[in-house]
Amino acid sequence: MSRARCHLRTALFLAAVSPRGATTGVAARRGLSAWPAPQEPGMEYQDAVRTLNTLQTNANYLEQVKRQRGDPQTQLEAMELYLARSGLQVEDLDQLNIIHITGTKGKGSTCAFTERILRNYGLKTGFFSSPHLVQVRERIRINGQPISPELFTKHFWRLYNRLEETKGDSSCVSMPGYFRFLTLMAFHVFLQEKVDLAVMEVGIGGAYDCTNIIRKPVVCGVSSLGIDHTGLLGETMEKIAWQKGGIFKCGVPAFTVLQPDGPLAVLRDRAQQISCPLYLCPPLEALEEGGPPLTLGLEGEHQQSNATLALQLARCWLQRKDHQAGIGELKVSRPSLLGQLPLAPVFQPTSHMRHGLRDTEWLGRTQLLRRGPLTWYLDGAHTTGSMQACVRWFRQALHRRERPGSGSEVRVLLFNSTGDRDSAALLKLLQPCQFDYAVFCPNLTEMSSMDNADQQNFTVTLDQVLLRCLTHQQHWSRLREEQASPDLWSTPTPEPGGPASLLVVPHPPHSTSSLVFSCISHALQWISQGRDPVFQLPSPPRGLLAHPVASSGAIILQEAAAIHVLVTGSLHLVGGVLKLLEPSLSQ
């Protein structure tokens, strides 16, 4: 038996799941993906989501896009065909007053800030984003709230049946994939709900993204760029910037934040080629001059660039749609620091804007949950740039924490990473946090997701995700071994931009114990040891403490005065954790 296969059996044993049971579970999940789609429009929400899951062809779709990435027009033409089959034309989307936002990190937070600001003006807002955390209907929001299960079910079957009815035409591809379908559904929902504006978050790319079927957005935004999805977007920042700039449209203003010189020049050239006016957002401090400091509803220094981009997008939308009374008093404009792009207006944010920034909520991003002795730090960082920001936020939060009068403090990392991301690079960035335990598990809430369609994923098998977790564990152990040298007893070097005073090192560097569990529920049971007042299960699964590290660690966790748990590496992981820690999100 291979070493990897031995590790896999150990991981399954930790969660008290036999290899035979695991195989059965995988087979059942594969079988579910082939279920025939029900046709009755009165089906329940979970039935609609199960049918939606049969469209989970994301892996195949990405491979197709890679092959065709020299011709993004092919992707848009396919989307136009689906749109026509659904009963809409591209011209119909011009009614939606869309704010189109792309980027590598922070685009979701930027969308959330922008939507909340404009909702404060009394506007009816639509908001499309991905991925979802707990329920798929979170991806389509009206006035900041996920559409109801009833509304989701109604629109789902109406669209699904329309597409089913047109499958007989030989010129049509049978059905769109998962993300394309939800994009189409969002367009239908926003049009039928008659929203005043729609904030649309680009999916993976820009030029190739199915949301780029939009011809006439009101304004576009590009948040911070970084290396991600290299197989699809390219392996350099410049190639990725070219892709992200693919959402620019002739004559439509666009805004971006401070980027490295190379990508910023690419964005500038991309905009100039199609006569798109592109502006560089000033830092948030520039907008605070002469007024009280701006308070952000989302924690972390990195949210400042997202907030300044959101302010510019909201102000531009208000200005272009003739809401002149609410755009903020213009200050003296300043030249761009880089000399490459004109600087966006420096203005005094209105009270609506201030309150919008303050009241923004965006779950799973720099989110804290305090539960008795446990503090959960949730952040879906999954790129090197966003992980650096996550680490900085986590260490700052630790620095500000209220220390217990007596007793020990334990730090636990709960991590997973998916796709083609470099998990070794992400885990290396987490080393300065000095975790006592590193826990790895797949993005599966429970061993069986049969009763929870929102969390199902048919693009991978249980064996694949567990082997990946074991790879994470091996990376972590290797990193710890490399650091086990006398040099580490010297003062650690702070991360770029992080003050040395924030280095929270209550004890010398030590060897971190690590564990792999086969689902999120089992990982949380071991970490919380029944001490989270909300997450309470009748009894732990058999074999949860079979591993020596799990057994000895359980005693330490039971006796600790404070337990700090950072959950990161994947938004899907964070979503699964939230589902268990915040049951109200599933209602």
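Please refer to the structure higher up on the page.
For every chain, the first residue of the written sequence is number 1, and numbering continues from 1 along that sequence. Where totals are concerned, whole chains, interfaces and linings use all residues; where local detail is concerned, this predicted model gives features only for residues with pLDDT of at least 70, and gives and counts side-chain atom pairs only at 80 or more. Hydrogens and water are ignored here; the side-chain numbers use all heavy atoms of the structure.

A. Expanded view of the packing of helix 6 (residues 107-119) against helix 13 (residues 303-320). Between helix 6 and helix 13, the shortest axis-to-axis distance is 8 Å and the interhelical angle comes to 45 degrees. As far as their axial angle goes, helix 13 and helix 6 are oblique. Helix 13 is crossed by helix 6, and the crossing has right-handed handedness. Across from S109, T110, F113, T114, I117 and L118 in helix 6, the residues of helix 13 making contact are Q303, N306, A307, L309, A310, L311, L313, A314, W317 and L318. Residue type decides the class: Asp, Glu, Lys and Arg count as charged, Ala, Val, Leu, Ile, Met, Phe, Trp, Tyr, Cys and Pro as nonpolar, and the leftover types, Gly among them, as polar. Of the residues assigned to the contact of helix 6 with helix 13, the class counts are eleven nonpolar, five polar and no charged. What counts as an axis is a line fitted to C-alpha atoms, over the stretch in contact for a helix, and the angles between N-to-C directions run from 0 to 180 degrees. Only DSSP runs of H or I with at least four residues qualify as helices, and only runs of E with at least two residues qualify as strands; both kinds are numbered from the N terminus onward. Orientation is classified from the angle alone, with under 35 degrees giving roughly parallel, over 145 giving roughly antiparallel, 65 to 115 giving roughly perpendicular, and any other angle giving oblique. For any pair of crossing helices, the crossing counts as left-handed if the nearer helix is rotated counterclockwise from the farther one by less than a right angle, and right-handed if it is rotated clockwise. Any two residues whose heavy atoms approach within 4.5 Å at even a single point are treated as in contact.

B. Spotlight on helix 10 (residues 237-244). Three labels apply to residues, based on accessible area from a 1.4 Å probe with only protein chains included: buried if under 20% of the type maximum, exposed if over 50%, partly exposed otherwise in between. Here helix 10 has its buried residues at M237, I240, A241, Q243 and K244. Taken around the axis of helix 10, the buried residues stretch over an arc of 160 degrees, which confines them to a single face. Comment: arc refers to directions from the helix axis out to C-beta atoms.

C. Structural context of unusual backbone geometry. Omega for the peptide link from S130 to P131 comes to -5 degrees, which places this bond in the cis form. Mapping P131 onto the fold places it in the loop between strand 2 (125-128) and strand 3 (140-142). Unlike most non-glycine residues, K194 shows phi in positive territory, near 55 degrees. If you trace the backbone, K194 turns up in the loop between helix 8 (178-192) and strand 5 (197-201). A positive phi angle is found at Q434, which is not glycine, with a value near 55 degrees. Position of Q434 among the secondary structure elements: in the loop between helix 16 (423-429) and strand 14 (437-440).

D. Highlighting the sheet that holds strand 3. The mixed open sheet is built from eight strands, whose spatial order is 4-3-2-5-1-6-7-8. The open sheet has two edge strands, strand 4 (145-146) and strand 8 (278-280), and neither has a second partner. Here, any two strands with at least 2 DSSP bridges between them count as paired. Sheet topology note: the strand 7 (residues 254-256)/strand 8 ladder contains three bridges and is parallel. The partner of A254 across the bridge, within strand 8, is L278. Sheet contacts for helix 6: strand 1 (98-102), strand 2 and strand 5; angle to strand 5, the most-contacted strand, approximately 170 degrees.

E. A look at the sheet that holds strand 12 (residues 374-378). If you trace the six strands from one edge of the open sheet to the other, you get 11-12-16-13-14-15, paired in mixed fashion. The sheet is open, and its two edges are formed by strand 11 (367-371) and strand 15 (513-516), each paired on a single side. Sheet twist, expressed as the mean angle between neighbouring strand axes with direction ignored, is 20 degrees. The pairing of strand 13 (residues 409-415) with strand 14 spans four bridges and is classified as parallel. What sits directly across from V412, in strand 14, is Y437. Contacts from helix 17 (residues 462-483) reach strand 13, strand 14 and strand 15 within the one sheet, and its direction differs from that of strand 15 by about 175 degrees.

F. View of the nonpolar core. The definition of a nonpolar core used throughout is a set of buried Ala, Val, Leu, Ile, Met, Phe, Trp, Tyr and Cys residues joined through side-chain atoms within 4.5 Å. Of all hydrophobic cores here, the largest spans 57 residues; its most connected members are I99, F248 and L311. Sorting elements by how many residues they give to this core places helix 13 first, with nine residues. Other than its neighbours up to four places away in sequence, L311 contacts I117, L284, L287, L294, F347, P349, M353 and L357. Core analysis: the next-biggest nonpolar cluster, separate from the first, contains 43 residues, I98, F156, L163 and F181 among them.

G. The arrangement of the pairing of strand 11 in detail. Most of strand 11 sits inside the fold, with four of its five residues counted as buried. Sheet analysis places strand 11 next to strand 12, joined by five bridges and oriented antiparallel. From the neighbouring strand, L368 faces strand 12, where its bridge partner is Y377.

H. Focus on the environment of A112. Summarising the element assignment, A112 is placed in helix 6. A relative accessible area of 3% places A112 in the buried class. With 244 residues separating them in the primary sequence, A112 and G356 have C-alpha atoms 9.6 Å apart. Not counting the four nearest positions on each side in its chain, A112 is found in contact with F127, T360, E361 and W362.

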